[in-house]
Structure formats: C-alpha cells, structure tokens
Amino acid sequence: MRAIAGIWHWRHNPLRRRTDRWEAWLALAAALLIAVGAPCAGWFTGRAAYGALLEAVRLQRQQRHVVWATVDRPAAATPVGPDPESAAQHDVHLRVIARWPGPGGGQRTGEVTAPRPVEAGDRFRMWADEQGRAATRPMDEGTAATHAVLAGLGSAAAAGGLVEGGRRLAVRQLMARRFRRWDAAWARAGQDWGRADAGS
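Just so you know, these numbers come straight off a predicted model, no measurement behind them.

## Topic: the overall build of the chain
Line of reasoning, step 1. Along its length, the chain carries four helices and five strands.
Line of reasoning, step 2. Shown N-terminal to C-terminal, the secondary structure of the chain runs as helices and strands in the order α-α-β-α-β-β-β-β-α.
Line of reasoning, step 3. Scored against the burial criterion, the 200 residues of the chain give a buried share of 22%.
Line of reasoning, step 4. Summarising the internal contacts of the chain: among those between residues at least 6 apart in sequence, 63% fall at separations of at least 24.
Line of reasoning, step 5. Split by element, the accessible area of the chain, about 14,100 Å² in all, is 59% carbon and sulfur.

## Description of the side chain of aspartate 129
Line of reasoning, step 1. Here aspartate 129 shows up in the loop between strand E4 (123–128) and strand E5 (134–135).
Line of reasoning, step 2. One polar contact links the side chain of aspartate 129 to the main-chain amide nitrogen of glutamine 131, over a distance of 3.0 Å.
Line of reasoning, step 3. Those residues in contact with aspartate 129 that sit more than four places away from it in its chain are Gln63, Arg64, His65 and Ala135.

## A closer look at the environment of arginine 61
Line of reasoning, step 1. Following the sequence through the fold, arginine 61 ends up in helix H2 (residues 18–63).
Line of reasoning, step 2. Along the primary structure arginine 61 and aspartate 129 are separated by 68 residues, whereas in three dimensions their C-alpha atoms are 9.6 Å apart.
Line of reasoning, step 3. Not counting chain neighbours up to four residues away, the residues in contact with arginine 61 comprise Pro138, Met139, Asp140 and Glu141.

## Thoughts on the pattern of salt bridges
Oppositely charged side chains may form a pair once their charged atoms are brought near each other.
Line of reasoning, step 1. Taken as a whole and assessed by the stated rule, the structure comprises seven salt bridges.
Line of reasoning, step 2. Linking aspartate 129 and arginine 133 is a salt bridge whose minimum nitrogen-to-oxygen distance equals 2.9 Å.
Line of reasoning, step 3. According to the relative accessible area criterion, arginine 133 is partly exposed, its value standing at 43%.
Line of reasoning, step 4. Connected through shared salt-bridge partners, Glu164, Arg167 and Arg168 make up one network.

Conventions used here
Residues numbered from 1 in each chain as written. Predicted model: local features only at pLDDT ≥ 70, side-chain atom pairs only at ≥ 80, totals over all residues. Heavy atoms only, no water. Helix = DSSP H or I, 4+ residues; strand = E, 2+ residues; numbered from the N terminus. Buried < 20%, exposed > 50% of the residue type's maximum accessible area, 1.4 Å probe, protein only. Contact = heavy atoms within 4.5 Å. Areas by Shrake-Rupley, 256 points an atom, 1.4 Å probe, with all protein chains shown as cover. Polar contact = N/O pair within 3.5 Å; in protein donor to acceptor, adjacent residues only side chain to side chain. Salt bridge = Lys/Arg side-chain N within 4 Å of Asp/Glu carboxyl O.

Here it is in structure tokens:
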C-alpha cells in the first residue's frame, strides 16, 4: 500500500527512478487484481463446481435406490488396532454379511456396514446401485453447495496468491535491475574517487 501511495507522492520528486514508478504501478495493479479478480475467479469456479456437483447429485439419485437387507451373520473380525475406540474399529462391529434384492428379482450377498448393531435375521435399509451393488448414500444438494463454496474459496485464494507471487517476482527483478544500475554508477564514480584533482 505504501507503494501505491508513492505513485502520487513521487510524481514530481527529482529522486524518483523509473523502477520506483513501475513498482508502484505493479502494487496498484496487484491490489486491484486481488480485490476484483480473485473474487471473480472464486465465484466462477464455485458456480461451475456447483453445476457439476448438482449433475452428480442428479445422476446418483437416478442410479441409486434404497433396498432392504437381511443380516446373515457378522462379518469376520479383523485384528484390533492400537486404539479400540477409534471410528474404524467401531465400524468393524457393524460389518455384517447380508442379503438384499438385486436387479431382475435376484439376490445379492456381500459384506456391508449396518447403520446400527444388528443380529442375524435383522433387517435394515441400505443403498444399492443399478447393478445391485452396495453403494453409499447419494450426495445431497447441501453437501454439493458446501463443496462448491470450498472450491470457490480455494480458487480465490489461489488466484490471489498467484497475483501476489507474480508481483513479488516482478519487484525482485526491478530490485536486481536497480542494484545493477547502482553498481554501474559506483563503478563510474570509483574511477575518480579520492583523487586530489577529481572534479578540478
């Protein structure tokens, strides 16, 4: 921001260098791009992601349906990990071998996770796809909106970071150019530095 203010203050300063003016204009351009461009990038990304996710929601709702599964037996126990209270170990106790109706009136059998503790013969509802395979619950519109917002925020942050990174890189190049000019000026001045007749 100091560089932006410098655009006005250094306009008529005799010590103003061309690189100072470029640095100030770069700061102004970067600030405008971050203030306007990054939100626009985030909005367009979020909107595109939301449209794609809504289409995924629609397809999942078309391809998945609820069926009633009947428990045959608990699934084979797996070795207990170091933390028996973890979510993964908790799900082990809900894994069962169950039967559910498949397409065309057939029966499917497989290992699934029950929504609650069950015993042999108990029934519970589960999701299956068009081929009768066990599937996860379809995504809802609220989840799609949340993912779209996160995608938009991430895109805006990335755009802002990219602009700021480009500005810093350009300023570094300007500083290197400024130092090269200083070195050249000192090299020219150093030829007569300290001589008694210098300037006479």
